Amino acid sequence: MYKRHIGLLVILIVSMIFGSVYSKPLVDKPVTLTFMRPDAENPVHSLTRETPLIWQWWEEATGIHIQPVDVVPEQDYKNVFNLKVAAGQVNADLIDVRSDNQGTQLVQYGRDGLLMPLNDLIDKYAPNIKALMKKYPKYKMDLTAPDGKIYAISSANASRYMFMTFLVRKDWLDKLGLKVPDTLEDFYKTAIAFVKHDPNGNGKADEIGMLSPDRLWGLNELACAYDLRLCTGGGFHIREDGRITYDFIMPEAKEFLKFLNKCVKDGAIPPYYDDPSVFTGAGSLFWQKIYDSQLGIYIRAIAPMVGPLNDPKGVMKKNDPKARWVATLPPLMPNGKRAKVTEQLAMRWRTYGITTKCKDPVAAIKWLDFVFASKEGREIYLYGKEGVTFKRNPDGSIERIVTIDTSKDEIATGPLAGKWWGSSITMPILSDDAWTEAQFKIWQTPSWAINSVKANFKYLVAPFQAPMLLPEEAKEVTTLLNDITTYKNEMWAKFVAGDIPITDENFNNYVNRIKQLGIDRIIEIYQKAFARVK
Amino acid sequence: MRKSHLWTLIKRIKKEKFLYIMVLPTLVYFFIFHYIPMYGIVIAFQDYSPAGGFFRSPWVGLEHFRNFFNSPYFLRLLRNTFLLSFYSLIFGFPVPIIFALLLNEVKNTIFKRTVQTVSYFPHFVSIVIVVGIMNIFLSPTDGLVNLLLQRLGYKPIYFMQEVRWFRFLYVSSGIWQNFGWSSIIYLAVLSGISPELYEAAIVDGASRFQRAIYISIPCLLPTIILLLILNIGNLLNVGFEKIILMYSPRTYEVADVISTYVYRRGLLEANFSFGAAVGLFNNIVNFILLLTANYIARRVTEYSLW
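Residues numbered from 1 in each chain as written. Chains lettered and ligands numbered in written order. Predicted model: local features only at pLDDT ≥ 70, side-chain atom pairs only at ≥ 80, totals over all residues. Heavy atoms only, no water.

Draft legend 1. Main features of the overall build of chain B. Along the backbone of chain B there are 16 helices and 0 strands. Taking 306 residues into account, the globule formula puts the C-alpha radius of gyration at 19 Å, and chain B, at 25 Å, lies well above it. Projected onto its principal axes, the C-alpha positions of chain B cover 80 × 70 × 35 Å. Within chain B, the proportion of its 306 residues that are buried is 39%. Taking the intrachain contacts of chain B between residues at least 6 apart in sequence as the baseline, contacts between residues at least 24 apart amount to 66%. On chain B, roughly 18,300 Å² of surface is accessible, and the fraction owed to carbon and sulfur atoms is 70%. One finds the centroid of the 26 positive side-chain charges in chain B at a distance of 6 Å from the centroid of its 14 negative side-chain charges. (Helix = DSSP H or I, 4+ residues; strand = E, 2+ residues; numbered from the N terminus. Rg over C-alpha atoms; globule rule 2.2 N^0.38 Å. Buried < 20%, exposed > 50% of the residue type's maximum accessible area, 1.4 Å probe, protein only. Contact = heavy atoms within 4.5 Å. Areas by Shrake-Rupley, 256 points an atom, 1.4 Å probe, with all protein chains shown as cover. Lys, Arg positive; Asp, Glu negative; His and termini not counted. Charge placed at Lys NZ, Arg CZ, Asp CG, Glu CD.)

Given below as structure tokens:
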């Protein structure tokens, strides 16, 4: 009698716990799916040792357990993945497919039967992704292979805040009586002024004008002032008349090279701008320079970076309470119009697919749908778990209960990372304006900083994103592009460093060589692909 | 006649059965790990796709070879590969020999052991760390070498960025890493030389230097030639790991070698057939070099591999 009561009590408690946790699981009974993906960026939180809290919370909400397999560090992932594919040893249910931005690998793996077409699955079981594709037709188009199938879901970005910009130390500008740089020439002059006039006031000439964590490639972002798109899109650019150009060989590129060369020569850009020893590794010298209040202009920063850099509890403010970072507007072009900055929607280089070997494709697509596009899934990604890390106020707003000391993780993983929601376990997530604004709230970002970012919204423009190519086309493009990129990178680096003087003759030789290597053929293939989509 | 040959062979095997049993694991190893995988060479003549595997991938003949020979970088890659290897050989090959000879003359055992251990150590350090050490020491902003140069009134040198430093750094760091380890084999030979030879030379009044020249080096010669032939057979094998860690677009001109090119085109773009074709080409050249070196060695000296 007594024993039976205890038994009942246990059942009652258990059902209460599970009843609340599994409020509406996506699957009838618990499912385990294997997931092949790179390890967390921060080795402290390696997936081999711990399951991210977010994954646990997702599991509680969905009833689907995700088991990472074949975990290797991010930088080795592509190699290991390629080799595993070649050996036919990819056995995971879900895989992180590292494609190039053309989606070459997606088409290839789809045709080879490694990836399962998702069209029907999305139609039947993924209401959130379906709604998303309806809302952003461009997103669907970007993910659709030439055979009409969708082989993977990619990270997506519909947040207007997610564009690459230039950040500058406002407090330094004020101190020296300068205004926010508005033209390329301003950038140059401001950088020189920073280097010369000791704005950090420590009596040492340790200031750096401009620098990009992406080294020389990142500095190319400034080329928007010549209406060149050298970073996003790999130098390809659709002009207003529908013509595609390769911007690295445009006549304006020569002017831009002269500008970079001048900056390097006069010290607006420090001489180690492209030295891998300065930038490699977590906690790189670049971030040290920022936190030590030595860097004045941060080239090619993701705009929401104004959040962590102005975070009153962040490392930056701790080291230099006066520091204030604002985003500039895109520089004015020589014709007096403002340059454009590029945004991004689907990112084909980071996509998640379901393999044909998957034991339970329905559960897999449901899980992707939940974490990727559903309101609850994204809430967990952003805030954590209700009652544990955040609480809901009566007016519906969300308040964090646990504040995480991000400063500890920051140096190792970069300011956008953090154990709870951060990039160390990057998942496909649709970010939109509200998402970024919520992050700003967490960082307590002052409104002047947010407004400096918002002022850029008028100048956003979609980046070059070619439709996916047919396998034969893709093969031709990669082969040609590989040689072109090798040559281009080499010459570009030498022009900027001054190893080769930027004369008309040298530049023309460089342009001719790239034409010889087949740039026109690549453009022709792209033009054809665009025509096919239309 | 043939039968008796076979008979003697069987008899010999029976007699020396333990020696043959000891050789067996090595033979098995070579068969499993070096001969069986050779069937993979077929993908160099196919357009390999993982779905088709070895049997259903379409055949393309020599297309990948043609592609490689027609690549705009073919000559540069060949030149860089050859030069890096060649410099490593001519500067790196004598160092362990000289080191072994010097060490052989050291009589204080504790000192000798210490030096030996210290010189072996870099061999066990991974390449990533070696390049990391180079980066730290040669850093233009806070590297030891550049701080010294600045103290002496020179401008900092961007060692890792400049074309003219690349080969020097590559070769010298390679020598630093491996000379101690490579000297083991010479030391072993030297310790095997009969002391009677030296004693006789001392009686004849030979100086230390003369003893090294007339006894140690001639005794080392077969080993030196053997290793030289083997090294020449590896002339076109320059590993990509170290170069990838060291190079940047500004130094491609001297740093881009066959294996890094294959890494970029074969592995990163999953173009495995192309990679296999270049690898095959590389090995054929190496094989020819090995045969040539062996032939010359047999003609010029009496020592050779076979």
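Don't stop here, the text continues.
Draft legend 2. Summary view of the domain arrangement of chain B. Here chain B is described as being made up of domain 1 (1–31) and domain 2 (63–126 + 178–300). For domain 1 of chain B and domain 2 of chain B, the distance between their C-alpha centres works out to 33 Å. (Domains from an automatic or database assignment.)

Draft legend 3. Seen up close, the environment of A:Y77. Residues and elements named next belong to chain A. Mapped onto the secondary structure, Y77 falls in helix 3 (residues 74–86). When the C-alpha positions of Y77 and H197 are compared, they lie 45 Å apart, and in sequence the two are 120 residues distant. Among the polar contacts listed, one links the side chain of Y77 to the backbone oxygen of M36, at a separation of 3.1 Å. (Polar contact = N/O pair within 3.5 Å; in protein donor to acceptor, adjacent residues only side chain to side chain.)

Draft legend 4. Structural detail: the domain arrangement of chain A. All names here are of chain A. Each assigned domain of chain A is listed here: domain 1 (27–158 + 345–431), domain 2 (164–341 + 442–461) and domain 3 (471–533). Placing the centre of domain 2 and that of domain 3 at their C-alpha centroids yields a distance of 26 Å. Facing 22 residues of domain 2, the contacting portion of domain 3 comprises 22 residues. Three residues stand out in domain 2 for area buried against domain 3, namely I244, I249 and L257, and they jointly supply 33% of the buried area on that side. (Buried area = accessible area lost by both parts, 1.4 Å probe.)

Draft legend 5. Structural context of the interface of chain A and chain B. On the chain B side, the residues contacting the 33 residues of chain A number 32 residues. When the two sides are added together, the surface that chain A and chain B hide from each other amounts to roughly 2,900 Å², 51% of it contributed by carbon and sulfur. Our count for the contact surface shared by chain A and chain B stands at 4 salt bridges. In this structure, the salt-bridge partner of A:E490 is B:R76, at a minimum N-O distance of 2.8 Å. Between the two partners, chain A and chain B, sit 9 residue pairs in polar contact (both at pLDDT 80 or more). Only helix 3, helix 4 (104–112), helix 12 (276–279) and helix 21 (471–497) of chain A provide two or more residues apiece to the side of chain A that touches chain B. Among the elements that line the side of chain A that touches chain B, the one with the most residues is helix 21 of chain A, at 12 residues. (Salt bridge = Lys/Arg side-chain N within 4 Å of Asp/Glu carboxyl O.)

Draft legend 6. Structural view of unusual backbone geometry. Residues and elements named next belong to chain A. Residues other than glycine seldom take positive phi values, yet D70 does so here, at roughly 50 degrees. Positionally, D70 belongs in the loop between strand 2 (64–69) and helix 3. For D70, a relative accessible area of 32% corresponds to the partly exposed category. Phi at R300 is positive, roughly 60 degrees, even though this residue is not glycine. Mapped onto the secondary structure, R300 falls in strand 9 (residues 295–302). Overall, the relative accessible area of 10% leaves R300 in the buried class.

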